[in-house]
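The primary structure of each chain is shown beneath.
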Amino acid sequence: MIELLQSIIKREAEALSNIPLNDNYEKAMDLVIEHVHHRRGKVVVSGMGKAGQIGANIATTLASTGTPAFFLHPSEAQHGDLGIVQPDDVLILISNSGKTREIIELIDLAHNLYSELPLIVITGNPDSPLGKAADICLSTGNPAEVCPLGMTPTTSTTMMTVIGDLLVVGIMTKIGFTIEEYAKRHHGGYLGVQARAKQSNTEKL
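Residues numbered from 1 in each chain as written. Predicted model: local features only at pLDDT ≥ 70, side-chain atom pairs only at ≥ 80, totals over all residues. Heavy atoms only, no water.

For helix 2 (residues 24-38), spanning 15 residues, the distance from its first C-alpha to its last is 20 Å, which sits close to the expected 21 Å at 1.5 Å a residue. Every buried residue of helix 2 is accounted for by Asn24, Tyr25, Ala28, Met29, Leu31, Val32, Ile33, His35, Val36 and His37. In the core, the buried residues of helix 2 are packed alongside strand 1 (43-47), strand 3 (90-95), strand 4 (119-123), strand 5 (136-139) and helix 7 (155-175). The positive-phi residue at the C-terminal boundary of helix 2 is Arg40, with phi of around 70 degrees. (Helix = DSSP H or I, 4+ residues; strand = E, 2+ residues; numbered from the N terminus. Expected span 1.5 Å × (residues − 1). Buried < 20%, exposed > 50% of the residue type's maximum accessible area, 1.4 Å probe, protein only. Contact = heavy atoms within 4.5 Å.)

What follows concerns the sheet that holds strand 3. Pairing is parallel in the open sheet, where five strands are placed in the order 2-1-3-4-5. Edge positions in the sheet fall to strand 2 (69-71) and strand 5, since each has one partner strand and no second. Taking the axes of each pair of neighbouring strands and ignoring which way they run, one obtains an average angle of 20 degrees across the sheet. Each of strand 1, strand 3, strand 4 and strand 5 is contacted by helix 2, which is oriented at about 130 degrees to strand 5, the strand it contacts most. (Pairing = 2+ DSSP bridges. Axes fitted to C-alpha atoms, helices over the stretch in contact; angles between N-to-C directions.)

Once that is clear, we can look at the side chain of Thr155. By the secondary structure assignment, Thr155 is in helix 7. When its relative accessible area of 1% is taken as the criterion, Thr155 is described as buried. Leaving out residues up to four positions away in the same chain, Thr155 has contacts with Glu12, Ala15, Pro143, Ala144, Glu145 and Val146.

Here we come to the environment of Gly66. Of note, Gly66 is situated in the loop between helix 3 (50-64) and strand 2. Measuring from C-alpha to C-alpha, the distance between Gly66 and Ile175 comes to 8.6 Å, with 109 residues separating the pair along the chain.

A word on the nonpolar core. Among the nonpolar cores identified, the biggest contains 30 residues, and Val43, Ile92, Ile94, Ile120, Ile122 and Leu138 are the most heavily contacted of them. Tallying contributions element by element places helix 2 first for this core, with seven residues. Beyond its immediate sequence surroundings of up to four residues, Leu138 is in contact with Asn24, Tyr25, Ala28, Ile120, Val121, Ile122, Thr123, Ile163 and Leu167. (Core = buried A, V, L, I, M, F, W, Y, C linked by side-chain atoms within 4.5 Å.)

With respect to the helices and strands, Ala134 occurs in the loop between helix 6 (129-133) and strand 5. Residues Ala134 and Ile120, spaced 14 residues apart in sequence, show a C-alpha to C-alpha distance of 5.8 Å.

In structure tokens form, the structure reads like this:
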């Protein structure tokens with residue numbers, strides 16, 4: 001079993017090291033900064049199933065680090081939640097296949113509401129309908145799942161999570177997000193205590 005677990009770690013690490021990095025990442029960061037920090041819009045993240053769970057994490061992490069973001073469930077969007085979207089927002093849509101029906105439908109719904117909404121897509125299939133509809137497409141590299149059936153979202157969701165981290169940390173760096181701002185957003189829990197301690201140390205310097 002240890003050998004199996006080591007093999008899984010190795011395969012996922014190799015997949016991460018092969019994420020196709022290109023200037024689309026900086027373009028995506030700059031697009032978010034333009035819409036959120038200059039135009040005062042927000043990031044709206046959406047995905048279905050496991051991709052949606054990753055999307056919810058990306059949205060909350062962005063929000064907690066100074067970039068207002070909200071997770072929109074694609075099915076609930078069809079029942080009124082689309083109203084959260086505003087004209088200066090930017091959408092981050094996540095689908096490994098790039099063919100998820102609910103996400104494809106969400107594009108039409110969102111553009112029917114505001115035709116100029118920009119789309120950042122995270123997918124394992126840039127040539128898919130979703131990838132082709134994107135203003136900026138970020139590919140996972142489409143690695144094989146470590147699931148023994150080759151079906152369960154495992155490696156693909158790891159790639160999505162890391163791509164989300166790349167965007168979050170890149171945006172934090174570009175906007176100069178400080179420990180003081182972090183502390184304002186984290187009052188409770190261990191992170192709140194640590195943030196205030198770091199803030200205090202920074203002020204002493």
